[in-house]
Amino acid sequence: MNQLPKCAWRAKGTGCAAPAFRRTVSKIAGAQAQLLQSEQRQRRLDGQQQRDNSATAATEAAAAAAAGTAAVCPHLGLEQEPAVPRIHGTAEWQNALAYNEIPGPKPLPILGNTWRLMPIIGQYTISDVAKISSLLHDRYGRIVRFSGLIGRPDLLFIYDADEIEKCYRSEGTTPFRPSMPSLVKYKSVVRKDFFGELGGVVGVHGEPWRQFRSRVQKPVLQLSTIRRYLQPLELITEDFLARCEQLLDANEELPADFDNEIHKWSLECIGHVALDTRLGCLEHNLTPDSEPQQIIDAAKYALRNVATLELKAPYWRYFPTPLWTRYVKNMNFFVGVCMKYIQSATERLKTQDASQRAGEPSLLEKVIMSEKDEKIATIMALDLILVGIDTISMAVCSILYQLATRPVEQQKVHEELKRLLPDANTPLTIPLLDQMHHLKAFIKEVFRMYSTVIGNGRTLQEDSVICGYQVPKGVQAVFPTIVTGNMEEYVTDAATFRPERWLKAHQGGTPGKLHPFASLPYGYGARMCLGRRFADLEMQILLAKLLRNYRLEYNHAPLDYAVTFMYAPDGPLRFKMTRI
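Residues numbered from 1 in each chain as written. Predicted model: local features only at pLDDT ≥ 70, side-chain atom pairs only at ≥ 80, totals over all residues. Heavy atoms only, no water.

**Student:** Looking at this model, I keep getting lost on the overall build of the protein chain. Mind explaining?
**Tutor:** Scanning the protein chain from terminus to terminus reveals 21 helices and 10 strands. Per-residue burial over the protein chain gives 52% buried out of 580 residues. Across the protein chain, every contact between residues at least 6 apart in sequence was considered, and the portion connecting residues at least 24 apart equals 76%. When the accessible surface of the protein chain is totalled, it reaches about 26100 Å², and 54% of it is carbon and sulfur. (Helix = DSSP H or I, 4+ residues; strand = E, 2+ residues; numbered from the N terminus. Buried < 20%, exposed > 50% of the residue type's maximum accessible area, 1.4 Å probe, protein only. Contact = heavy atoms within 4.5 Å. Areas by Shrake-Rupley, 256 points an atom, 1.4 Å probe, with all protein chains shown as cover.)

Put into structure tokens, the structure is as follows:
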């Protein structure tokens, strides 16, 4: 892991002129004061509205209490709770240390800790998030309180895998993932006309999330659905590899913007799954204004600016900043594209007779036929595409970079594929993929050491004791997979890249510690990634077809990893791709 010096928590640029620094702080402090005043005015208006509707609120609270389902996002401050939570009477709570004793970086007056990510006076950029997470653990230990983030609840970083397991296992049927307030506002305010009560599974919480997920979960996770897409995704991957050969230069190297080609492959795969169509992403010479490239650009922008919208001062909540305005434009584009293809699929279903529907229905057909609602299918497709494109693409970029720079491990996977696929043109099957143990172990080891998703999290729904401290409900617990997956306490010889640790003994596995909650790239429990089976299928097909037929090399200066929305190599992926 890359480490920052511990002195990094002191402000940079101490050699600058003090008056200039004070003027900068003064301006920012004034802006923050206006932001705080705006929040206070909004709270007064909310309070007046609550008083005006007290009778209605009381009736609703009583009904919720009777039903036992007050499942609202805790940090919105709308829930009702007993005066004394049950845990407060336990010896565990009474013996625990107070919440404000949890160690962590000290916030400044007015600016809090938000200043650390501000221009000019800040210490870090968004791309430093993984390094910050590691630094917090090195300096403060297994639990860290990161408070004073304007417009957000405290972040509680937990680096103890046993405590992470306890948090996951104690959550109810509607766990709250940190809310992505930018997406929440888009779905519930900006486009309430479209989403209404159907928020989807991303950026939605509580009972609305549970109800929507229960309506789409079965068709998405059915093995029969996954099997249906094996051959279509294999065909897309073959088209992608043929395009890669055409892109090779005189040195058999792929272009510097190869990551965009991987995004095209990923979108073509997800588009076929979610929208039941080939989008044409792999066509030659796509123009910047072509629909596939616009979808890719919109997904990148929407996801890669989430951290900026949510970790920096949230002015966008009070007036439309340029970043927020463009974010909304991109999201509107997504909704329009999804609606167009869903309506096309619906019309196709209406005109087909029973004889034309032989075989396993597509995912989209299953959802449309079972729900009789285009909007549900559209929102499902939107969530799958929005989250899937960049996540899978960046994961593949990381895996390919690690393969290209680890020739010994690459050769092991190639030998396994030669044994399973003696004829390179053998069509893939689910049983064949199931036997690719080294390939899957390599993927898992990349995710452990270079986790594409740097962490998971939960908004605590009730007071808890974590690492011996009293933690109130509403705090956002962060589980930094990028750190815990590399801790010697939970993984034997954690600094060594060793895919064999994931294999069973009869497969050539090596013994050692491997805590099951130290590395969870797809999360855990009820909010585990809904599209994980499709993600695994797409990556395994690509790697099987690529490594059975080609050798991958990287002959340039080593790349560092950085965070955009995902954690991935930062720089041109000029792989040398040689047919073998």
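**Student:** What's the story with the packing of aromatic side chains in this structure? I'm lost.
**Tutor:** Any two aromatic rings considered together are summarised by their centre-to-centre distance and by the angle between their planes. Tallying each qualifying case throughout the model produces 21 aromatic pairs. Judged by centre distance (6.3 Å) and plane angle (15°), the ring pair of Phe157 and Tyr159 falls under stacked. Comparing Phe157 with Tyr159 shows no difference in burial state: the two are buried. With 6.1 Å between their ring centres and 70° between their planes, Tyr554 and Phe575 make a pair best called edge-to-face. On the criterion of sequence distance, the pair formed by Tyr554 in the loop between strand 7 (550–553) and strand 8 (561–563) and Phe575 in the loop between strand 9 (567–569) and strand 10 (576–579) is long-range, its members being 21 residues apart. Phe575 shares its class with Tyr554; the two are buried. Cluster of aromatic residues (ring-pair linked, three or more members): Phe240, Phe258, Trp265, Tyr401, Tyr450, Tyr554, Tyr561, Tyr567 and Phe575. The ring of Tyr229 carries Arg228 above its face, with NZ or CZ at 5.2 Å from the centroid. Taking NZ or CZ as reference, Lys375 lies 5.2 Å from the ring centre of Phe194, over its face. (Phe/Tyr/Trp six-rings, centres within 6.5 Å; stacked < 30°, edge-to-face > 60°. Lys NZ or Arg CZ within 6 Å of the ring centre and 35° of its normal.)

**Student:** How should the nonpolar core be read in this particular structure?
**Tutor:** Burial of nonpolar side chains together is a common tendency in soluble globular proteins. Judged by nonpolar contacts, the single largest core of 142 residues is most densely connected at Leu400 and Phe575. It is helix 16 (residues 374–404) that provides the largest number of residues to this core, a total of 20 residues. Among all residues touching Phe575, those that are not within four sequence positions of it are Glu252, Glu253, Leu254, Phe258, Cys397, Leu400, Tyr401, Ala404, Leu552, Glu553 and Tyr554. (Core = buried A, V, L, I, M, F, W, Y, C linked by side-chain atoms within 4.5 Å.)

**Student:** Explain the pattern of salt bridges to me, please; I cannot follow it from the model alone.
**Tutor:** Pairs can form between side chains of opposite charge once their charged atoms are near each other. Applying the stated criterion to the full structure yields 29 salt bridges. Between Lys340 and Glu291 there is a salt bridge whose closest N-O contact spans 2.6 Å. You can see Lys340 sitting in helix 14 (residues 322–351) and its partner Glu291 sitting in helix 12 (residues 291–304), a full 49 residues away along the chain. When its relative accessible area of 41% is taken as the criterion, Lys340 is described as partly exposed. (Salt bridge = Lys/Arg side-chain N within 4 Å of Asp/Glu carboxyl O.)

**Student:** I tried to follow the side chain of Ser362 on my own but got confused; where do I start?
**Tutor:** Secondary-structure assignment places Ser362 in the loop between helix 14 and helix 15 (363–371). Classification of Ser362 by relative accessible area gives buried; the value is 0%. One polar contact links Ser362 to Asp276, side chain to side chain, over a distance of 2.8 Å. Not counting residues within four places of it along the chain, the set of residues in contact with Ser362 comprises Arg228, Tyr229 and Asp276. (Polar contact = N/O pair within 3.5 Å; in protein donor to acceptor, adjacent residues only side chain to side chain.)

**Student:** What is the right way to read the side chain of Thr481 from this model?
**Tutor:** Of note, Thr481 is situated in helix 20 (residues 481–484). What Thr481 contacts, discounting residues up to four positions off in sequence, is Ser451, Val453, Ile454, Gly455, Asn456, Ala518, Ser519 and Leu520.

**Student:** Would you explain the confidence of the model for the protein chain in this entry?
**Tutor:** Per-residue confidence for the protein chain averages 84 on the pLDDT scale, and 83% of its residues sit at or above 70. This model gives residues 1–33 a pLDDT under 50, and the stretch forms 53 contacts once residues within four places in sequence are excluded. Predicted confidence for residues 42–79 stays below pLDDT 50, and this span has 25 contacts to residues more than four positions away or in other chains. (pLDDT = per-residue confidence, 0-100.)

**Student:** It is not clear to me how the layout of surface pockets should be interpreted in this structure. Could you clarify?
**Tutor:** To find the voids left in a structure, one rolls a probe of water-molecule size over its atoms. Empty space within the second largest pocket amounts to approximately 900 Å³. Along its surface, the second largest pocket is lined by 31 residues, and Lys440, Lys444, Tyr522, Asp536 and Gln540 are the ones closest to its centre. The leading source of residues in the lining of the second largest pocket is helix 19 (residues 437–449), at 6 residues. Tallied by class, residues from the lining of the second largest pocket come to 17 nonpolar, 6 polar and 8 charged. (1 Å grid on protein atoms, 1.4 Å probe; cavity = no way out; pocket = protein on both sides within 12 Å on 5 of 7 lines; lining within 4 Å. Points joined across faces, edges and corners; volume = space filled by probe spheres on them. Nonpolar A, V, L, I, M, F, W, Y, C, P; charged D, E, K, R; others polar.)

**Student:** Quick question: what am I supposed to make of empty space enclosed by the protein here?
**Tutor:** Within the structure shown, the criterion is met by 4 cavities of 30 Å³ or more. Space inside the second largest cavity adds up to approximately 60 Å³. Lining the second largest cavity are Phe240, Leu241, Cys244, Leu254, Phe258, Leu400, Leu542, Leu546, Leu552, Phe575 and Met577. The set of elements that each furnish at least two residues to the lining of the second largest cavity consists of helix 10 (230–247) and helix 21 (532–549). Sort the elements by how many residues they give to the lining of the second largest cavity and helix 10 lands first, with 3 residues.

**Student:** Mind showing me how you'd approach the sheet that holds strand 2 (residues 155–158) here?
**Tutor:** The strands making up a sheet associate through hydrogen bonds between their backbones, and the pairing can be parallel or antiparallel. One open sheet holds the 4 strands; their spatial order is 1-2-6-3, and the pairing between them is mixed. Each of the sheet's edge strands pairs with one partner strand only, and the pair in question is strand 1 (143–146) and strand 3 (456–459). Across the sheet, the mean angle separating the axes of adjacent strands is 20° when strand polarity is ignored. Across 3 bridges, the pairing between strand 2 and strand 6 (residues 476–479) is parallel. Within strand 6, the residue paired with Leu156 across the bridge is Ala477. (Pairing = 2+ DSSP bridges. Axes fitted to C-alpha atoms, helices over the stretch in contact; angles between N-to-C directions.)

**Student:** What am I meant to see in the pairing of strand 1 here?
**Tutor:** Within a regular strand, the side chains alternate between the two sheet faces. Residues Ile143 and Arg145 of strand 1 are buried on one face, and the alternating residues Val144 and Phe146, pointing to the opposite face, are buried as well. Across 4 bridges, strand 1 lies against strand 2 in antiparallel orientation. Pairing of Ile143 across the sheet is with Ile158, part of strand 2.

**Student:** Help me out: how do you make sense of helix 21 in this one?
**Tutor:** Residues three or four positions apart in an α-helix share a direction because the helix packs 3.6 residues into each turn. In a regular helix each residue adds 1.5 Å, so 18 residues correspond to 26 Å; helix 21 covers 26 Å between its end C-alpha atoms and thus fits that length. Burial within helix 21 is extensive, with 16 of its 18 residues counted as buried. (Expected span 1.5 Å × (residues − 1).)

**Student:** I tried to follow unusual backbone geometry on my own but got confused; where do I start?
**Tutor:** Where the residue is not glycine, phi is negative for most of them; where a peptide bond is considered, it is trans in most cases. Even without glycine at this site, Glu252 takes up a positive phi of about 60°. The partly exposed category is assigned to Glu252, whose relative accessible area is 33%. Backbone geometry places Asp493, a non-glycine residue, at a positive phi of 50°. Along the chain, the position of Asp493 falls in the loop between helix 20 and helix 21.

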